[in-house]
Amino acid sequence: MKIYMINICTKYFKEEIKFYQDIGFTIDDNERINENVVLLKDNEGEFYITVSNKNGAENSGNQFLTINYKTEDLEKMRETLAEKRYTIIEPDQHLVPSFKVIDPAGVQIMFT
């Protein structure tokens, strides 16, 4: 068993979609549900993030969620996100090479 999809509800709908496109996800037009729900897929088509436009969602619970992505080139991802002006958060402990950013909906995204 593996995780297939995560749904993020946010009032920062367009910003959230852009963030996930910036880290390599693409909009799956074949699975577009409506103008308030967008399905984004990873570059392997094995993991999806659904972004739902919810005006009342003031990042409800999102700040307690962390999603960890394994990336092929950690430094390139760090440079890409820094160039796009996302705040890079260095870990307190360096058990494995990693860093975090907070997406527009308040979700902590860790890259290893």
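Residues numbered from 1 in each chain as written. Predicted model: local features only at pLDDT ≥ 70, side-chain atom pairs only at ≥ 80, totals over all residues. Heavy atoms only, no water.

### Some remarks on the side chain of D103
In this fold, D103 is placed in the loop between β6 (99-102) and β7 (108-111). Discounting chain neighbours no more than four positions away, the residues touching D103 are I8, E16, F19, Y20 and I109. (Helix = DSSP H or I, 4+ residues; strand = E, 2+ residues; numbered from the N terminus. Contact = heavy atoms within 4.5 Å.)

### Observations regarding the layout of surface pockets
There is about 490 Å³ of room inside the largest pocket. With 3 residues, helix α2 (residues 74-83) is the largest single contributor of residues to the lining of the largest pocket. (1 Å grid on protein atoms, 1.4 Å probe; cavity = no way out; pocket = protein on both sides within 12 Å on 5 of 7 lines; lining within 4 Å. Points joined across faces, edges and corners; volume = space filled by probe spheres on them.)

### Here we look at the nonpolar core
Y20, I23, Y69, L81, I109 and F111 are the most contacted members of the largest nonpolar core, which has 25 residues in total. When residues of this core are assigned to their parent elements, the largest contribution, 4 residues, is made by helix α1 (residues 13-22). Residues contacting I23, with those up to four places away along its chain left out, are Y69, M77, L81 and F111. (Core = buried A, V, L, I, M, F, W, Y, C linked by side-chain atoms within 4.5 Å. Buried < 20%, exposed > 50% of the residue type's maximum accessible area, 1.4 Å probe, protein only.)

### Section: α1
Regarding α1, the residues found buried are F13, E16, I17, F19, Y20 and D22. One or two steps after α1, the chain reaches G24, where phi turns positive at roughly 115°.

The quantities given are spatial measurements derived from coordinates; they are silent on function.
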